[in-house]
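Coordinates in review
So the chains spell out like this:
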Amino acid sequence: MSKRDETVTPLANLKPGETATIVTIDTTEVQSQLIRLGLDTGKVVRCLTRIPSGPTVIMSGGMELALGKDLSRHIMVQRNAS
Amino acid sequence: MMSTPTPTDKAQCISSQYFKSGASKPPNDISNDAPDTGEVIVLAGNPNVGKSVVFNALTGLYTTVSNYPGTTVDIPKGQLPDERLVKDTPGVYGLSQFSEEEQVAQKTILEADKIINVTSAMSLERDLFLTQQLIDYGKPVVMVLNQMDEARSRNIGIHIEKLSTLLGITVIPAVAITGEGLDAIVPALANCKQGNKTPNTPDLTTLLELENNPAKQLLVYGERRHHVNAIISQVVSLTDHQKPSLSQHMGQLFLNPVVGVITAMVVLLALYQIVGVWVAGNLVNLTEKTIMLGYVVPFIQGMVMKVVPEHSPLFTILAGEFGVLTMSIQYIFGVLFPIIFGFYIYVSVLEDCGYLPRVAVLCDSLLHKIGLNGRAVIPIILGFGCVTMATVSTRVLTSQRERTIASTIIAITIPCSAQIAVLVGLMGQAGGFKAWLLFLGTLVTTLLVLGTILNKMLPGKSTPLILDLPPMRLPTVKNIAVKTWVRTVVFLKEAAPLFVLGSLLVSVAQVTGVLAWIEHAVEPITMTLLHLPAKTADVFVMGMVRRDFGAAGLYFMADTLTSVQIITALLTITLFVPCIASATVIWKERGIVESTSVLIGSWIIAFGIGALACRLFEAVPFLS
């Protein structure tokens, strides 16, 4: 197990290249859609790009996934030490 | 300025075509269904896994496409060599109710005897959710694990036998574009089994009911996802996702805002040059003027003359200026066919290389301001080709609210290729750069204001973007050719009847004098409201029939008009109601209430903005 940053932060705050584990998804609206795509608590994702005041693009399970600004603020993650 | 083709060469275009980012989809059609007897086999899979390539390999190109009853979603059908019926379904991540496409996919799958589930070795973790859902439904399934070559080159190892054992179904490794593995599909169907369900999964009735119960749905989905992840951890060895490939670097590059903006401009300029100037200008000049007006139309008129006296009303209806036999054929084959074909090639390339989804990501926050999300970029780009094609493609949007906003914006503010071609011809005379600036400025402002108002007025809010970005790939010539051809043919089948109807209406209006009466009635509006000569009334009325007809008139009047008058006229024409054919498609797709609102709204907006713009431009000396 890698050592983890103690702070929980929104996915939207990750910098490109950072890896993090999903802790909670604070939105019920699209949660089923995210689970279908494999995004669930405990999932390790890597931030690829953040569009300024736009979506966050992550790598998850071998696919690139763009998540809208508001949505990526509601997905809480814990940074993994790299 | 680029070359300046004459407006008469230009085309308005109509199309009705299913379009979807990244997914090759044989489109909509009105032809008859294949015989619905015997065993029914249905293809199911996520988007971008090569499902259509598998479908085409199984059925050949002789497929028919029909709408699922009561919807506008297309279900392509074909036959196996042994004549068993094969149906394709829209690419979906699961069988929920999140979009019209998913509902149709679910219904089609429920009616199936056997399922061929196409998955990608590159995204098995994602794809397996649908596979497991199919198994949980109790359907017999054969899995085709596609894109094995890409997985090998990325060092992704998949234990096929173990996967097959854990799922309880046959798994066929394949490389669909080269045909590798596809021969094994039909033999495997004979041994098609119900797989191993997720432990404790409810029965089918309960599974279907919980789709309308978000809390229960989440619970069952969570368990299924958990089960699937457990399988993945046992069968997928080493994934080196840490080392980005060249294609991933490319993908990242296009997501850089600066690169993105530059690329978008290059793509739009290339679109303008290729489709607007070369195809809609030079090529259509050849096909419409030389071939159609030179040979085909005189030939048809000659034939009609043998039966019907020239100058009689019937002759005008059949073979006159807007004749059912003359204008329809001249227009469909001389103008529409080359433009639509050219446009589809261009868009298919953008789709297949994975560029369009990345534009969607870049535009997401902008589109949120008008109640849409990044996905809407695809219909909007298509709108620059043809309003009808774009209206149909709003099906990719997830909510009815978004479809309403997008189709309204496209119908009113996005100039189609016919209009763009005309604009190019007249902007030079209106003052070049400054004229373009005034014109585009007004148009973009109208788009943003209209979108903001719709966003505020309509109940609900925009849905968040959740977009899977397919890898950047070099498109294959064969895929592009097949896709473009199928789309073009299907489009023509759908558009032709609308055009015949349109030309019938117009020529009857011409014979009965209604056309002249309308033109006369519009004159006061053009004079007092828009400060344009009375004669420009013709331009607006003809623009509804076929935009370039009207604009051609404007072109010949241009010498007598001031710059402000030209810009005002062009703005009004652009914002004006889409042509008869696209109005028909909006009615078909969006219903009578919405299409009537769009129609009336566009008149108010077109004349309102025209009136405002001409007064503003006249009043401020710098602008005129």
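From a predicted model like this one, the values you see are computed outputs, not experimental measurements.

1. Thoughts on the overall build of chain A
The secondary structure content of chain A amounts to two helices and six strands. The linear arrangement of helices and strands in chain A, starting from the amino end, is β-β-α-β-β-β-α-β. Rg of the C-alpha trace for chain A: 11 Å, near the compact-globule value of 12 Å for 82 residues, within the 12% margin. Principal axes of the C-alpha set define a box for chain A whose edges measure 30 × 25 × 25 Å. The buried share among the 82 residues of chain A stands at 59%. Of the contacts formed within chain A by residues at least 6 apart in sequence, a portion of 62% connects residues at least 24 apart.

2. Topic: the overall build of chain B
Within chain B one finds 25 helices and nine strands. A total of 624 residues make up chain B; the buried ones form 59% of that total. Considering only contacts in chain B between residues 6 or more positions apart, those separated by 24 or more positions represent 79%. About 24200 Å² of surface is accessible on chain B, with carbon and sulfur atoms providing 68% of the total.

3. Topic: helix α9 (residues 246–255) of chain B
Along α9 of chain B, the residues that are buried comprise Ser-247, Gln-248, Gly-251, Phe-254 and Leu-255 of chain B. Buried residues of α9 of chain B fall within an arc of 120° about the axis and therefore sit on the same side. Close packing links the buried residues of α9 of chain B with β3 (44–50), β4 (56–60) and β5 (63–67) of chain A together with α10 (257–307), α13 (355–368) and β9 (466–469) of chain B.

4. Quick notes on the pairing of strand β2 (residues 19–25) of chain A
Residues and elements named next belong to chain A. In terms of strand pairing, β2 meets β3 through three bridges, oriented antiparallel. From the neighbouring strand, Thr-21 faces β3, where its bridge partner is Val-44. Across five bridges, β2 lies against strand β6 (residues 75–80) in antiparallel orientation. Residue Thr-24 lies in a different strand from β6, and its bridge partner there is Met-76.

5. Quick look at the packing of α10 of chain B against helix α12 (residues 327–352) of chain B
Residues and elements named next belong to chain B. Between α10 and α12, whose axes approach to 7 Å, the crossing angle comes to 155°. Taken together, the axis directions place α10 and α12 in an arrangement best described as roughly antiparallel. Where α10 crosses over α12, the two elements pack in a sense that is right-handed. For the contact of α10 with α12, the per-class residue count stands at 22 nonpolar, four polar and one charged.

6. With respect to the nonpolar core
Residue and element names in this part refer to chain B. If you look at the biggest cluster of nonpolar residues, it comprises 99 residues, and the most contacted ones within it are Tyr-355, Val-361, Leu-554 and Leu-570. Discounting chain neighbours no more than four positions away, the residues touching Leu-554 are Leu-426, Thr-536, Val-539, Leu-561, Ala-569, Leu-570 and Ile-573. Core analysis: the next-biggest nonpolar cluster, separate from the first, contains 37 residues, Ala-105, Leu-124, Leu-134 and Ile-156 among them.

7. A closer look at the pattern of salt bridges
Considering all chains together, one arrives at 17 salt bridges over all chains under this definition. When salt bridges with common partners are traced through the structure, they connect Glu-39, Asp-82, Arg-84 and Lys-114 of chain B into a single cluster.

8. Some words on the interface of chain A and chain B
The interface is formed by 32 residues belonging to chain A together with 33 residues belonging to chain B. Carbon and sulfur atoms supply 59% of the area buried between chain A and chain B, which totals about 2900 Å² over both sides. Counting across the interface, chain A meets chain B through three salt bridges. Here Lys-43 of chain A ties to Glu-125 of chain B by a salt bridge, and the two come within 2.4 Å at their closest N and O atoms. At the surface where chain A touches chain B, the tally comes to 13 residue pairs in polar contact (both at pLDDT 80 or more). Among the secondary structure elements, those contributing two or more residues to the side of chain A that touches chain B are α1 (31–36), β3, β4, β5 and α2 (69–73) of chain A. The dominant element in the side of chain A that touches chain B, judged by the number of residues it contributes, is α1 of chain A, at six residues.

9. Some remarks on the side chain of Thr-56 of chain A
Along the chain, Thr-56 of chain A falls in strand β4. Residue Thr-56 of chain A is classed as buried on the basis of its relative accessible area of 1%.

10. Points about the packing of aromatic side chains
Residues and elements named next belong to chain B. According to the stated counting rule, one finds six aromatic pairs over all chains in the structure shown. On the basis of an interplanar angle of 85° and a centroid distance of 6.5 Å, the ring pair of Phe-337 and Trp-485 is categorised as edge-to-face. Pair noted here: Phe-337 is in helix α12 and Trp-485 is in helix α19 (residues 477–512), with a separation of 148 residues, a long-range link. A residue is classified by how much of its surface remains accessible, and Phe-337, at 26% relative accessible area, is partly exposed. Taken together, a centroid distance of 6.3 Å and an interplanar angle of 80° make the contact between Trp-436 and Phe-439 edge-to-face. Linking Trp-436 with Phe-439, this pair stays in helix α18 (residues 433–457), spanning three residues, or about one helical turn. According to the relative accessible area criterion, Phe-439 is buried, its value standing at 1%. A network of ring pairs unites the aromatic residues Phe-337, Phe-341 and Trp-485 as a single cluster.

11. Looking at the state of the cysteines
Structurally, a disulfide amounts to a covalent bond that connects the sulfur atoms of two cysteines. Scanning the entire structure with this criterion turns up zero disulfides over all chains. Note on Cys-353 of chain B: no disulfide assigned, nearest cysteine sulfur contributed by Cys-363 of chain B at a separation of 15 Å.

12. Let's talk about the environment of Glu-288 of chain B
Relative to the assigned elements, Glu-288 of chain B resides in helix α10. Glu-288 of chain B sits 19 residues away from Val-307 of chain B along the chain, and the two C-alpha atoms are 26 Å apart.

13. Focus on the environment of Gln-106 of chain B
Residue and element names in this part refer to chain B. Position of Gln-106 among the secondary structure elements: in helix α2 (residues 100–110). For Gln-106, a relative accessible area of 7% corresponds to the buried category. When the C-alpha positions of Gln-106 and Leu-362 are compared, they lie 32 Å apart, and in sequence the two are 256 residues distant. Reaching out from Gln-106, the side chain makes a polar contact with the backbone oxygen of Leu-95 at a distance of 3.3 Å.

14. Considering the environment of Leu-286 of chain B
In this fold, Leu-286 of chain B is placed in helix α10. Considered as a pair, Leu-286 of chain B and Val-335 of chain B are 49 residues apart in the sequence and their alpha carbons are 9.7 Å apart.

15. Brief notes about the confidence of the model for chain B
Caution applies to low-pLDDT regions: their predicted coordinates should not be interpreted in detail. A residue-level look at chain B finds 87% of positions with pLDDT of 70 or above and a mean pLDDT of 82. When the criterion is pLDDT under 50, residues 1–36 of chain B qualifies, and its contacts beyond four places in sequence or with other chains add up to 167 contacts.

16. Things to note about unusual backbone geometry
All names here are of chain B. Backbone geometry places Asn-200, a non-glycine residue, at a positive phi of 65°. Looking at where Asn-200 falls in the secondary structure, it is placed in the loop between β8 (193–194) and α7 (204–209). Overall, Asn-200 belongs to the exposed group, its relative accessible area being 74%. Within the chain, His-531 stands out as a residue other than glycine whose phi angle is a positive 55°. Mapping His-531 onto the fold places it in the loop between α20 (514–529) and α21 (536–545).

Scoring rules and cut-offs
- Residues numbered from 1 in each chain as written.
- Chains lettered and ligands numbered in written order.
- Predicted model: local features only at pLDDT ≥ 70, side-chain atom pairs only at ≥ 80, totals over all residues.
- Heavy atoms only, no water.
- Helix = DSSP H or I, 4+ residues; strand = E, 2+ residues; numbered from the N terminus.
- Rg over C-alpha atoms; globule rule 2.2 N^0.38 Å.
- Buried < 20%, exposed > 50% of the residue type's maximum accessible area, 1.4 Å probe, protein only.
- Contact = heavy atoms within 4.5 Å.
- Areas by Shrake-Rupley, 256 points an atom, 1.4 Å probe, with all protein chains shown as cover.
- Arc of directions from axis to C-beta.
- Pairing = 2+ DSSP bridges.
- Axes fitted to C-alpha atoms, helices over the stretch in contact; angles between N-to-C directions.
- Parallel < 35°, antiparallel > 145°, perpendicular 65-115°, else oblique.
- Left-handed = near helix turned anticlockwise from the far one by under 90°.
- Nonpolar A, V, L, I, M, F, W, Y, C, P; charged D, E, K, R; others polar.
- Core = buried A, V, L, I, M, F, W, Y, C linked by side-chain atoms within 4.5 Å.
- Salt bridge = Lys/Arg side-chain N within 4 Å of Asp/Glu carboxyl O.
- Buried area = accessible area lost by both parts, 1.4 Å probe.
- Polar contact = N/O pair within 3.5 Å; in protein donor to acceptor, adjacent residues only side chain to side chain.
- Phe/Tyr/Trp six-rings, centres within 6.5 Å; stacked < 30°, edge-to-face > 60°.
- Disulfide = S-S within 2.5 Å.
- pLDDT = per-residue confidence, 0-100.

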